[in-house]
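# Chain and residue survey
Chain residues, written in single-letter form:
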Amino acid sequence: MNQHTVDYQTRGENTIMTVENEHATLAISLFGGHIVSFIPKHDNRERLWLSDTAAFDGKTPIRGGIPICWPWFGLVSAPFLDLDKTPSHGVVRNCPWQLKSIGDSENGTRLVLTPSLESAFTANVSLTVELIVVVNKQLSVTLETTNNGDATAYFAALHTYFAINNINNVELLGVDCNYQDKLDNDIIKPSESPYRFNGETDRIHIGTTMDHIDIRDAFVTRVHSAGYDSVVVWNPWIDKSANMADMSEGAYESMLCVETARTQSNVLARDETHAITQVIE
Ligand code: BG6
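Residues numbered from 1 in each chain as written. Predicted model: local features only at pLDDT ≥ 70, side-chain atom pairs only at ≥ 80, totals over all residues. Heavy atoms only, no water.

Turning our attention to the site of the ligand. Near the ligand you find R63, F73, S88, H89, R93, H159, K182, D202, V232, W234, K240 and E259, and these make up its full shell. A distance of 2.8 Å separates an oxygen atom of the ligand from a polar side-chain atom of R93. Between the ligand and D202 there is a distance of 2.5 Å, counted from an oxygen atom to a side-chain nitrogen or oxygen. Contact with the protein chains covers 85% of the free accessible surface of the ligand, which is 390 Å². In the shell around the ligand, the residues fall into three nonpolar, three polar and six charged. (Near = heavy atom within 4 Å. Polar contact = N/O pair within 3.5 Å; in protein donor to acceptor, adjacent residues only side chain to side chain. Areas by Shrake-Rupley, 256 points an atom, 1.4 Å probe, with all protein chains shown as cover. Nonpolar A, V, L, I, M, F, W, Y, C, P; charged D, E, K, R; others polar.)

Now the structure itself:
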């Protein structure tokens, strides 16, 4: 069986936990429960993009890796929330998380993490969330939401930044659902074939037939999704990234976000649990 080792390091104000087993090495920031690196040993290729100017200040969400958007997506907060501040993409990518358990089995090393949600949130919202990560030749990431109170809407995304060689050469395969174009008044448009990139892209592909997506570049990264209702595809391109404090010039060329998401109206009944999963090969 697969024995793991764990190492803790400090980067800026963040604690980064590195988990290694015979198959891969994973690094996760306890601020945000945010995976920042996954390198399988069979090819030694980093799957995740991390901005070289990402903030590790213990306050700002990390630009890159796998940000967790929960329980809302973008700036739209669920109507039940009565919070003073509604940060982009929810409340867990910028709060401390703890490791609840870690153990090995023939499936790999399994970690369970939970966020320390602020009382202003827990007083208003009956939802809880857990992150379940399995490190093997593949990386499996599951975000599990449970509702302990009255029926409640929620939204979620595993906002993964994939490392690519050059966005100008990338082709996306398997994203076959119509998309809501966030850059064009949310107009619904058909997906593209071939799906290539030549400018800012911010699309919510709505549907459930995108279980297997290939990001084809100099190499192919395969992404499997489950439990989703949409896949978000995002690249800020030149002008938008130039205005972002945590992206350097030209960095947009080496990243592409392909996000396994719940962006439609999802209502969880009392005691119901729902999971979204992304597996990265
Ligand atoms: C994407 C959204 O998921 O995340 C974009 O569709 C947004 O609209 C992007 O710009 C990055 O968001 P943030 O909050 O990390 O800058």
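That was the structure; now back to the text.
Below, the discussion takes up the sheet that holds strand 4 (residues 34-40). The four strands are arranged 1-2-3-4 in an open sheet whose pairing can be described as antiparallel. Strand pairing shows two members of the sheet lacking a second neighbour, strand 1 (5-11) and strand 4, which therefore form its edges. Neighbour-to-neighbour, the strand axes of the sheet open up by a mean angle of 15°, direction not taken into account. In this structure, strand 3 (residues 24-29) lies alongside strand 4, joined through six bridges in antiparallel fashion. Looking across to strand 4, one finds that I28 is bridged to I35. (Pairing = 2+ DSSP bridges. Helix = DSSP H or I, 4+ residues; strand = E, 2+ residues; numbered from the N terminus. Axes fitted to C-alpha atoms, helices over the stretch in contact; angles between N-to-C directions.)

What follows is about the pattern of salt bridges. Tallied over the entire structure, the rule returns 10 salt bridges. Salt-bridge contacts for D184 lead to K189; the nearest nitrogen and oxygen are separated by 2.8 Å. Through salt bridges that share partners, D181, D184 and K189 make up one connected network. (Salt bridge = Lys/Arg side-chain N within 4 Å of Asp/Glu carboxyl O.)

Once that is clear, we can look at the sheet that holds strand 6 (residues 97-105). If you trace the eight strands from one edge of the open sheet to the other, you get 6-7-8-9-20-17-16-12, paired in antiparallel fashion. The sheet terminates laterally at strand 6 and strand 12 (171-173), the two strands that pair on one side only. Adjacent strand axes in the sheet meet at a mean angle of 15° when their direction is disregarded.

A separate point is the environment of V91. Mapped onto the secondary structure, V91 falls in the loop between strand 5 (68-69) and strand 6. Note on V91: relative accessible area 14%, which makes it buried. In this structure, the C-alpha to C-alpha distance between V91 and T152, residues 61 residues apart in sequence, is 16 Å. (Buried < 20%, exposed > 50% of the residue type's maximum accessible area, 1.4 Å probe, protein only.)

Enumeration according to the criterion identifies five aromatic pairs in this entry. Ring centres of Y161 and W234 lie 6.1 Å apart, and the angle between their planes is 85°; on these two criteria the pair is classed as edge-to-face. Of this pair, Y161 sits in strand 11 (residues 161-163) while W234 sits in strand 18 (residues 230-235), and the two are 73 residues apart along the sequence. W234 carries the same exposure label as Y161, and that label is buried. These aromatic residues form a ring-pair network of at least three members: W49, Y161 and W234. (Phe/Tyr/Trp six-rings, centres within 6.5 Å; stacked < 30°, edge-to-face > 60°.)

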